[in-house]
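As a plain string of letters, each chain reads:
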Amino acid sequence: MIEVKELKKSYGQKEVVKDVSFKLEKGEAFGLLGPNGAGKSTTIAMICGLVPYDGGGILWGDQPMSPSMKRRVGIVPQEIALYQTMSARENLLFWGRMYGLSRKEAKKRADEVLAIVGLTERGKEAVETFSGGMKRRVNIGAALMHNPELLIMDEPTVGIDPQSRNHILETVKKLNHAGMTMIYTSHYMEEVEFLCDRVGIMDHGEVIASGTHKELCRRLVGGTVIRLELEEANEAGVKALEQLSGVDQVTVQEEQKVYDCFVTSPHEVMSGMMETVVEYGIKVSSMEVQEPNLEAVFLQLTGRTLRD
Amino acid sequence: MFTIAMKDVWLRLKDKRGLVSMLLMPILLTAILGSALSGNFSESASMPDTTVGVTFDEDDSLSKQWVEETMPGDEVSVVTFADREKVEKALEKQEVDVGVLLPDMWGQKMATADVTVLTDPDKTMQASIVEAVLHAYIDRVNAVGTTAEQFAEELSAVGGVEVTPETENLVSDMSVLAQSNEGRVATATDGGTSVTGMQYYAAAMGVMFLLFNATIGARSILEERHSETLARLAMTPHRSFHIIGGKFIGTLLFSLVQFGLFLAATHLMFQVSWGTNLLQVFAIGFTYAFAVSGIAMMLAGIVKEEKTVDSIGGIGVQILALLGGSMIPVAAFPDAIQIISNAIPNNWALDQFVHVMTGAAWSDLILSMTALVMVGLGTLILGWVRLQVR
C-alpha cells in the first residue's frame, strides 16, 4: 500500500534520517520504535509532506505520494494540535472540513468519532478544560474524521495517565482490526508490541532492525535478560560474571550500577551467578529476569535502553 | 480557505477579553475624546472665551477701531486700562487672559511701531490668536493705506480730478475691509462643512482599532505555529496559499465585523454621522481592512515570537495611530511630521472617512482606496513568501 524507499534528510551537516526504508501492506500495523531523537518524527513528517526529503521516495501503490493523496491519510501529531478554546466537536468539525467533508458529513462523522474516542458526553466542552488524556483522544479523533485508509500516529500517548493510555491503545487496536492501515511511532516498547504486526527499530536516523516481534526476538543472542542493579560499581565482579558459562553478553548502564546479562538458559546460569555475587562481594539491590522483548533487542543492538 | 477564515473569526468572537478591547474600547475612547476635544472642532468654539486687557490712545481712530470693533466677538471681550502697570496687575490676578499695549498714535505709525502683547504662560494659545488678529489687522490697514496712496498718485497724474474727496471715499470703503473679521477664527473644516469632534474621533478610533488587527492576525499565525495546528494544517491536502489565504480572509472578515459593529454603535449611541454615502464608508472600511490584513500576514512572516508582535501591537500601533492623526489631527503637527503622516495607510483611511463625512465624490477617494488595496496585496504576497520559507 505504501512504500518508503531510502528516505534521507539532513539539517546542515547533521544527517537525521539515513536511508530509511519500509513497506506496509493494506490493513497492516507497522511500528517505528526508537528513543527520542532517533529520527522517527522526521520520517513521519516527510511521509506527511510537512518536511521535504533530500533523497529517496515515498510510493502510494506504485505512484509517488502527491498532495491529493493526503486525503487518504490521517495524521495524529505528537503535539496536541487542537484549538483549545473550541469544543471537541468544533475541532472535529473543523478538521473534517479541512479534509474535504461537507458540513453535513462532518456533523454526522463528528458524532461517530466522539463515540469512538469515548467523549460523546463532553463533546460540547472546550478542549482547554480537558485532561491530557482526553485531549489526546480528541487529537486522534481529528485524524479519524475523514475515515482515512492510512493512519499515522506519532507518539500519540506521550504524557498521559495509564487509564487514558489504555483507552487509546484499545481504540487504535480496534481501528486496525477494522481494516485501517497504520504507522505507529513510540518509544514505549509495550505499545508497539501490543499494536503492531511488524516493527522497525530506529536509532540515530537508521532502521537498525525490522521484522515481526518474534523475528526480532529470535535475533537476540541469549534471549533472556537478567538485570542486576548494584548498590555500588564492582568491576572485578562484573568481569567474573561475563566469564560465566551460559552468559552471552553483559551490558552496563547508569554509572556502572545496572548490568543486563543476556543468557540463553536462566535456570542453568543462576546458581553460578549467585556464587560469583557472594565470592566478589557484589552488593545487589535488585535482580529481575526479563523474557525476550523488543527492549532487550534494542538494548543489545545499541547498548542503550529506549528511554535513554 | 473559507473554513480556516470562519474558524479564525469564530475563535476571535469567543475570546471575550479580546472582544472587549476590540469593540468596547474604541467606543469608549470615541466617547471620551469626542466629548473632551469637541471644542477644537466646532465652528463656534474655535477659541476659548478670552478677555483681552488693552491700553491705547483714545484719540487714535485706528486704535479705537481695533479695540472697539475688530477685536471683540462672541468669545472675546476687551477691557481697557489706563496704563501698562494696571494691565499687568489684571493679568496677574487673572482678570484678563492677554494684555495688549498699543503705543500712542499707533494708527499713524502702524507699519513700524511695536505693539506689546503680555502673555499668561498658561494661556499661550489665546495670546497667539490675539497676536494673529493684530497682525492681520495691521496688514489690512497697511494694504488700505498703500492702495489709497497709489490711488491718489494716479488721480494726480490724470489731473482735473478732486483728489481729496475721491481718496476719502476710497479709504472709507476700504476701512470696511480693514475692520473685517476674516481670518479671525480658525475653524476645523474640510470641504464645505466641518466635522464635529465626535465624528472625527469616531473615524480616528475606528481606524486605530482596525489597525490592531494587523498584530492580532499576525499573532494568530504565530500561535498556530506554536501550538502545532499550523503544521497540522500543512499536513492536510491544502496548499500553503490556501492556508495563508484563509488566515488573511479571517483577519479581513473580523476587521469588517468589528468595523460594522463600531459604525452602528457610534451612530446609535453618539449619533455620529458617517456621511450620506454609506457605500463610500464601507468601501473605505473594506480597503483599509484589506491593507491591515495584508500587513498582518507580512508581520507574521517577519516576526518569529509572539512577544515581539505584542510589542508591535502595544507601541507600534500607537505610534502609527499618533502619526496617522488618530490622537490629534495631523494638521496640528509640524510640516516634517505631516510629510511622514501622509505616507501612513491609517492616515489615508482617516482622511478619507473625514472626506466622506463632509461629502466627497468617488473620484476623491479612488486614489487612496487603490493605494490601500496595493498595500494589502503587496504585504500579503511578502508575508506569503516569507511564511513559505519558514
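Residues numbered from 1 in each chain as written. Chains lettered and ligands numbered in written order. Predicted model: local features only at pLDDT ≥ 70, side-chain atom pairs only at ≥ 80, totals over all residues.

In this section: the nonpolar core. Residues Ile152 of chain A together with Val207 and Leu211 of chain B are the most contacted members of the largest nonpolar core, which totals 147 residues. Broken down by element, the residue count for this core peaks at 18 residues, all from helix 7 (residues 197–226) of chain B. Every residue in contact with Ile152 of chain A, bar those within four places of it in the chain, is listed here: Ile44, Ile47, Cys48, Val73, Ile75, Val76 and Ile183 of chain A. Residues Trp66, Val67, Trp106 and Val141 of chain B belong to the second largest nonpolar core, which totals 23 residues. (Core = buried A, V, L, I, M, F, W, Y, C linked by C-beta atoms within 7 Å. Buried ≥ 20, exposed ≤ 12 C-beta atoms within 10 Å, placed from the backbone. Helix = DSSP H or I, 4+ residues; strand = E, 2+ residues; numbered from the N terminus. Contact = placed C-beta atoms within 7 Å.)

This next bit is on the confidence of the model for chain B. Segments scoring low in pLDDT should not have their predicted coordinates read at a detailed level. Residue and element names in this part refer to chain B. Scored by pLDDT, chain B has a mean of 81; 85% of the residues are at 70 or more. Taken element by element, chain B is modelled with least confidence in strand 5 (residues 189–190), mean pLDDT 39, and with most confidence in helix 10 (residues 278–302), mean pLDDT 92. Low confidence marks residues 180–192, where pLDDT is under 50. Its contacts with residues over four positions away, or in another chain, come to 23 contacts. ipTM for the predicted complex: 0.76, alongside a pTM of 0.68. (pLDDT = per-residue confidence, 0-100.)

With that out of the way, let us pick up the sheet that holds strand 3 (residues 29–33) of chain A. Residue and element names in this part refer to chain A. Taking strand neighbours across the sheet as the criterion, the six strands line up as 6-7-8-3-9-10 in an open arrangement whose pairing is mixed. Where the open sheet ends on each side, the last strands, each with one partner, are strand 6 (73–76) and strand 10 (206–212). For this sheet, the mean angle separating the axes of adjacent strands, direction not counted, is 15 degrees. Examined bridge by bridge, strand 7 (residues 150–154) and strand 8 (residues 181–186) share five bridges and lie parallel to one another. Counterpart to Leu151 in the pairing with strand 8 is Met182. Helix 4 (residues 132–144) rests against strand 6 and strand 7 of the sheet, and its axis sits at about 165 degrees to strand 6. (Pairing = 2+ DSSP bridges. Axes fitted to C-alpha atoms, helices over the stretch in contact; angles between N-to-C directions.)

At the junction of the two partners, chain A supplies 19 residues and chain B supplies 17 residues. Per-element accounting of the side of chain A that touches chain B gives the leading share, three residues, to helix 2 (residues 88–98) of chain A. Grouping the constituent residues of the side of chain A that touches chain B by class yields twelve nonpolar, three polar and four charged. (Nonpolar A, V, L, I, M, F, W, Y, C, P; charged D, E, K, R; others polar.)

Let us look at helix 7 of chain B. Every α-helix carries 3.6 residues per turn, so stepping three or four residues along brings you back to the same face. Residue and element names in this part refer to chain B. Here helix 7 spans 43 Å end to end across 30 residues, near enough to the 44 Å set by a 1.5 Å rise per residue. For helix 7, the tally of buried residues reaches 27 of 30 residues, placing the bulk of the element in the interior. Glu228, located one to two residues past helix 7, shows a positive phi value of around 70 degrees. (Expected span 1.5 Å × (residues − 1).)

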